[in-house]
Every structure is written in structure tokens, then in C-alpha cells.
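Letter by letter, the chains look like this.
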Amino acid sequence: MPQQLIDAITDMREDDALKITDNMLQNGADPLEVLEACRKSMEIIGQRFEEGDCFVPELILAGEMLKEISAKVKPLMKEQVDTSKKLGQVVFGTVEGDIHDIAKDIVVFMLDINGFEVTDLGVDVSPAKFVETVKETGATVVGLSGFLTLAYEPMKATVEAFKEAGLDEVKVMIGGGQIDDQIRVYTGADAFGRDAMTAVGLARQWTGA
Ligand code: B12
């Protein structure tokens, strides 16, 4: 089944992808297994895009499919956890110049269902907006998402903006696409994470939850 879902997404068969998702979920598949199939599909599509075998319209359709599938999966994941207790405030967003939000939405959702109060600033968020929101909410954890190489500079600028604003207690995690430890060092962020559960682990560690 996961392979059928991967094939449907990467062949751009939107209706089939949604039907297969419904079948998997009705037959008791783990929602995380469905999300993992989506991640693999995006990896394949990204690779094809890089090699010139598919173009922006395909990226857009793939993005839409993933949003539709996430919408089916999320309510089931929410059923599995206690969402009543809030563990701490997190401010999250995709950095300036970058509009990739599928992964951000997944991370925000996972933080939310694991008990964090998340202020989601959306995409193309300026360093000033991050600083302003941290001051307003009193959050001590910030997540910066970015998929473009061009996102490294705004990530660095956002970390610097917190320092300039005297918000030294704020811990910043970064993630998305190509982000690795080298980029973390470059941007001055406190940590990087490859997936949503790493983000949850870091937020727990930093808030003592
Ligand atoms: C879908 C997609 C799009 C869609 C985005 C739709 C949307 N609403 O998000 C659209 C069509 C809009 C798009 C546009 C563009 N894209 Co695009 N896109 C992709 C693609 C195929 C998938 C990204 C995705 O959503 N993956 C699915 C997620 C769920 O997978 P994931 O990464 O495993 O998610 C986890 C981690 O990222 C992590 N995470 C994410 N954020 C954070 C944050 C923290 C704090 C932590 C801890 C973890 C974390 O947790 C997630 C969940 O577990 C990637 C290829 C790729 N493999 O990444 C290219 C890709 C990112 N795009 C690329 C490019 C070039 C572009 C465009 C410039 C194309 C163009 N010529 O217009 C534009 C840029 C627009 C802009 N200004 O941002 C390039 C970037 C290359 C580069 N080095 O900069 C890529 C890598 C494709 C490629 N191989 O060339 N794109």
C-alpha cells in the first residue's frame, strides 16, 4: 500500500492518491506510515525537478496532494493524544523569501498535538516579525523552516535579530530540506532537526517538559 501511494503521488494521479490514502486509513494503517510515504514521494519529485524531468506545475500539484492527504491524516493523529495540557509557547514560521509550508505545517501540527502552544506565523516571515511575536507571546522556543539555499541568510538574520533585541534566552531550532549541522553553525541557531519529532524532542528539552 505505501508503495502504491508513492506511485500515485509521483505519477501525479491525484484522485488515486486520495483513494489509496482513504483505503490505507480505513484498513488501520498508522497515519505516520502515510506521512512517510508522502515524504518519500516528495523526495522523488524533488529529484526529478532537479534533473529537469518535471517542472513547477508538478511541484504545485504535488504540494496540493500532500496538503489534502495531511488533512485526512491529522484528525486521526489528534485522536491518539491528549491535547488538553499545554507545555510551553513556541513561535514557528518559514523564513523570509521562502514559501514552502507543507513541512512547516506538519511540524507545527506535531508540536501542537504533543502539548505545545504554537504561534504559526506562516511563510515569508521577516526577522522583525519573529522578534515582535516572541516579545508578545513570551515564547522561549522558536522554529525556523526553510527549503531554499536562499533561506540560510534570513535564518542567520533572524538569529541575530533575537540577539540584538536582547532575547538571549530564546532557543532557536532550524530545519527543512538541505539544513544540516554546517548550516546550523553558519546561522548561529541552537539546533537543527530533520523531522517533526526531532522538533518536538528539542522543544521538550528546552522547556523542561
Ligand atoms: C513541494 C515543493 C514546492 C512547492 C511548495 C508547496 C508548499 N505549499 O509548501 C512549490 C511549488 C510552491 C515550490 C516552489 C519552489 N521550489 Co520547491 N520544492 C518542493 C519539494 C518537491 C517538496 C518540499 C516538501 O514539502 N517536502 C515534504 C516534507 C514534508 O518533507 P520533509 O522535508 O521530510 O519534512 C520534514 C523536514 O523538512 C522537517 N522540518 C521542516 N521544517 C522544519 C523546521 C524545524 C525547526 C525542524 C526541527 C524540522 C523541520 O520536518 C518535516 C516533517 O517531518 C522540494 C524537494 C524536496 N525534496 O524537498 C522542492 C525544492 C525545495 N524546491 C526548490 C525550488 C528551486 C523551488 C522554486 C525556486 C522553484 C521555482 N523555480 O519557482 C520555488 C521557490 C518558491 C519560494 N520562494 O519559496 C528546490 C530548492 C533548491 C535549493 N537548493 O534552493 C527543491 C529542493 C527541489 C529541487 N531538488 O531542486 N516547491
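Chains are numbered independently. Their residues run from 1 in the order of the written sequence. In keeping with the model being predicted, local features are shown solely for residues with a pLDDT of at least 70 and side-chain atom pairs are shown and tallied solely at 80 or more, while totals for entire chains, interfaces and linings include all residues. Remark: hydrogens and water are excluded; side-chain values derive from all non-hydrogen atoms of the structure.

1. Some words on unusual backbone geometry
Piece 1. Here the phi dihedral of Met 12 falls at roughly 65°; this positive angle occurs in a residue that is not glycine.
Piece 2. Helix numbers and strand numbers start at the N terminus; a helix is a DSSP run of H or I with at least 4 residues, a strand a run of E with at least 2. Considering the arrangement of structural elements, one finds Met 12 in the loop between α1 (2-10) and α2 (14-26).
Piece 3. At Asp 124, a position not held by glycine, the phi torsion is positive, near 55°.
Piece 4. Along the chain, Asp 124 turns up in the loop between β2 (116-120) and α6 (127-137).

2. Looking at the packing of aromatic side chains
In this description, a pair of aromatic rings is defined by centroid distance and the angle of the planes.
Piece 1. Classification of ring pairs rests on two measures: the distance between centres of Phe, Tyr or Trp rings, Trp counted by its six-membered ring, which must be within 6.5 Å, and the angle between planes, read as stacked under 30 degrees, edge-to-face over 60 and tilted in between. The tally for this structure, following the rule as stated, stands at 0 aromatic pairs.
Piece 2. Note on geometry: a ring has a charge over it if NZ (lysine) or CZ (arginine) is within 6 Å of the ring centre and within 35 degrees of the ring normal. Taking the ring centre of Tyr 186 as reference, the NZ or CZ of Lys 156 above it sits at 5.0 Å.

3. A word on the pattern of salt bridges
Piece 1. In what follows, salt bridge is the name for a side-chain nitrogen of Lys or Arg lying within 4 Å of a carboxyl oxygen of Asp or Glu. Considering all chains together, one arrives at 12 salt bridges under this definition.
Piece 2. In this structure, Asp 120 engages Lys 104 in a salt bridge whose closest nitrogen and oxygen atoms are separated by 2.9 Å. Remark: Lys 104 occurs in helix α5 (residues 102-113) and Asp 120 occurs in strand β2; sequence separation between them is 16 residues.
Piece 3. A network of salt bridges, in which partner residues are shared, links Lys 67, Asp 101, Lys 104, Asp 105 and Asp 120.

4. Section: the site of the ligand
Piece 1. Being near a molecule or strand, for a residue, means having at least one of its heavy atoms within 4 Å of it. For the ligand, the set of nearby residues contains 37 residues, the closest of which are Ile 99, His 100, Asp 101, Ser 145 and Thr 149.
Piece 2. Any pair of N or O atoms that falls within 3.5 Å is considered a polar contact. Within protein, one atom must be able to donate a hydrogen and the other to accept it, and sequence-neighbouring residues count only if both atoms are side-chain atoms. A distance of 2.6 Å is found between a nitrogen atom of the ligand and a side-chain nitrogen or oxygen belonging to Asp 101.
Piece 3. With respect to the ligand, the backbone of Gly 175 contributes an N or O atom lying 3.5 Å from a nitrogen atom.
Piece 4. Contributing elements (two or more residues each) for the shell around the ligand: α3 (31-50), α4 (56-79), α5, β3 (141-145), β4 (171-175) and α9 (196-207).

5. As for α4
Three or four residues apart is the spacing at which side chains of an α-helix point the same way, because the helix has 3.6 residues per turn.
Piece 1. Residue count minus one, scaled by 1.5 Å, sets the expected span of a helix. Along its 24 residues, α4 runs 35 Å from first to last C-alpha, staying within 8% of the 34 Å computed at 1.5 Å per residue.
Piece 2. Largest kink in α4: about 25°, centred on Val 73, with the proline Pro 75 one to four residues after it.
Piece 3. Each residue is placed in one exposure class: buried if its accessible area under a 1.4 Å probe, protein chains only, is under 20% of its type's maximum, exposed if it is over 50%, and partly exposed if it falls in between. When α4 is considered as a whole, its buried residues turn out to be Ala 62, Gly 63, Met 65, Leu 66, Ile 69, Ser 70, Val 73 and Met 77.
Piece 4. Elements in contact with the buried residues of α4: α1, α2, α3 and α5. The term bend refers to the angle at a residue between two fitted axes, each drawn through seven residues, those ending there and those starting there. Whether two residues touch is decided by their heavy atoms; if any such pair falls within 4.5 Å, the residues are in contact.

6. Points about the sheet that holds strand β1 (residues 88-94)
Piece 1. An order of β2-β1-β3-β4-β5 is seen for the 5 strands of this open sheet, with the pairing classed as parallel. Looking at strand neighbours, the two that pair on one side only are β2 and β5 (191-193), the edges of this open sheet. Shown here is a sheet whose adjacent strand axes are inclined to one another by a mean of 25°, direction ignored.
Piece 2. Sheet topology places β4 next to β5; 3 bridges connect them, and they run parallel. Across the sheet, residue Gly 175 finds its bridge partner in β5, namely Gly 193. In this description, strands pair whenever DSSP reports at least two bridges between them. Every axis in this analysis is a line fitted to C-alpha atoms, fitted for helices over the stretch in contact. Angles between the N-to-C directions lie between 0 and 180 degrees.

7. Quick notes on the packing of α2 against α3
Piece 1. Contact geometry of α2 with α3 gives a least axis separation of 9 Å together with a crossing angle of 155°. The angle between the axes of α2 and α3 places the two elements in the roughly antiparallel class. For the pair α2 and α3, the crossing hand works out as right-handed. Counted together, Thr 21, Met 24 and Leu 25 of α2 and Pro 31, Glu 33 and Val 34 of α3 form the full contact between these two elements.
Piece 2. Each residue gets one of three labels, nonpolar for Ala, Val, Leu, Ile, Met, Phe, Trp, Tyr, Cys and Pro, charged for Asp, Glu, Lys and Arg, and polar for the others, Gly among them. When grouped by side-chain class, the residues that make up the contact of α2 with α3 number 4 nonpolar, 1 polar and 1 charged. Note on terminology: angles under 35 degrees are roughly parallel, angles over 145 are roughly antiparallel, angles of 65 to 115 are roughly perpendicular, and the others are oblique. Rotating anticlockwise by less than a right angle from the far helix to the near helix defines a left-handed crossing, while the corresponding clockwise rotation defines a right-handed one.

Fair warning: the whole summary comes from geometry, so function is off the table for now.
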